[in-house]
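# Examining the three-dimensional arrangement
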Amino acid sequence: MKRIAAVLFLCTAMMILFLTFNVNEKQPEGFTAYRLIAHAMGSISDQPYTNAYEAMIANYEQGTRVFEIDLMLTEDRKVVARHEWTESMTQQLGQKDKLPEDKQSARLSHEEFINTPILEQYQPMDIDAIMDMMQRHPDIYIVTDTKEQEELDIEYLFTEIVKAAKQRNPEILDRVVVQIYNEPMLDMIRDIYPFESIIYTLYATQDSPDKITAFVKNHDIAAVTMPEYKVTPNFVAKLREAGAVTYVHTINDIRTVNNYEKWGVYGVYSDLLTEPELEKSSLRYSLTK
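Residues numbered from 1 in each chain as written. Predicted model: local features only at pLDDT ≥ 70, side-chain atom pairs only at ≥ 80, totals over all residues. Heavy atoms only, no water.

## Some details on the side chain of H83
One can find H83 in the loop between β3 (79-81) and α3 (87-92). A polar side-chain atom of H83 sits 3.0 Å from a polar atom in the side chain of E84. Setting aside chain neighbours within four positions, we find H83 in contact with Y49, N51, D70, M72, M89 and K147. (Helix = DSSP H or I, 4+ residues; strand = E, 2+ residues; numbered from the N terminus. Polar contact = N/O pair within 3.5 Å; in protein donor to acceptor, adjacent residues only side chain to side chain. Contact = heavy atoms within 4.5 Å.)

Below you can see the structure in the form of structure tokens.
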């Protein structure tokens, strides 16, 4: 009986998945061709939040192609990959003994940032290093996680991103996916550059699912990402009808990924998982084999 129940459950799940992702529908393109977004570049040696060069390389070599990057400004207003300027983050990155006390919870200068290794072995990245990676690897997408709070700082940060990309190849900007946190941010960003790829992240908004869905539909937003407590099958279905795929953050085990997939969730942000792992574990993958 248990075996029969398990088979029936699997068949039901596969049928739901087939109906949810009809094979005749337009297939995702650009960054949404990928189900895995590496959170803060993805972990290296099980260490998250490094945003380090070696983390990006290691996860790229494992098949991941979309990288969420925390972006902040240094003391001298250079764009760098850093989650926050706090003492706890300095300690987590193994830099506390390498910096003077007054710098352990403050913005570093660009020189200090670049010349202070992460965990004594990994290289911090600035916007130039990120753009160089994108130029060398034309299948890499980055998702911006802008940690600055002031509007002028956010505008300056994105202006610097655009400038750094154009100095190399303007087409790189087609692979910069801007994560917005509220409705007004979309206009602000597109006044700087007409970014086509947008993810609306919902952790900071109090807007209702209906309001979010209408905004997504009216502005052709490709993807929405949300924390687990905001996910419901109905909300995911409405977003899909509005033309957006749904990601959930931050998920680090395959079983949880598969459970959300049954609800129609398309992908996840993860510290530990890779794109090939998600594809091989997916019920959709099984349906095509």
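## Regarding the packing of aromatic side chains
With the rule as written, the count across this model stands at nine aromatic pairs. Ring centres of W85 and F113 lie 6.2 Å apart, and the angle between their planes is 80°; on these two criteria the pair is classed as edge-to-face. Within this pair, whereas W85 is found in the loop between β3 and α3, its partner F113 is found in helix α4 (residues 110-114), the two being separated by 28 residues in sequence. With respect to class, W85 is no different from F113; both count as buried. What links up through ring pairs into an aromatic cluster is the set F158, Y193 and F195. Here R65 stacks its cationic end above the ring of Y60, 3.7 Å away from the centre of that ring. Lying across the ring of Y156, R77 places its NZ or CZ 4.4 Å from the centre. (Phe/Tyr/Trp six-rings, centres within 6.5 Å; stacked < 30°, edge-to-face > 60°. Buried < 20%, exposed > 50% of the residue type's maximum accessible area, 1.4 Å probe, protein only. Lys NZ or Arg CZ within 6 Å of the ring centre and 35° of its normal.)

## Focus: the layout of surface pockets
As a volume, the second largest pocket reaches approximately 270 Å³. Lining the second largest pocket are 13 residues; nearest its centre among them are Q149, I154, Y181, N182 and M185. Within the residue set of the lining of the second largest pocket, elements represented by two or more residues are α6 (151-166) and α7 (183-192). Among the elements that line the lining of the second largest pocket, the one with the most residues is α7, at three residues. Partitioned by chemical class, the residues of the lining of the second largest pocket number seven nonpolar, three polar and three charged. (1 Å grid on protein atoms, 1.4 Å probe; cavity = no way out; pocket = protein on both sides within 12 Å on 5 of 7 lines; lining within 4 Å. Points joined across faces, edges and corners; volume = space filled by probe spheres on them. Nonpolar A, V, L, I, M, F, W, Y, C, P; charged D, E, K, R; others polar.)

The quantities given are spatial measurements derived from coordinates; they are silent on function.
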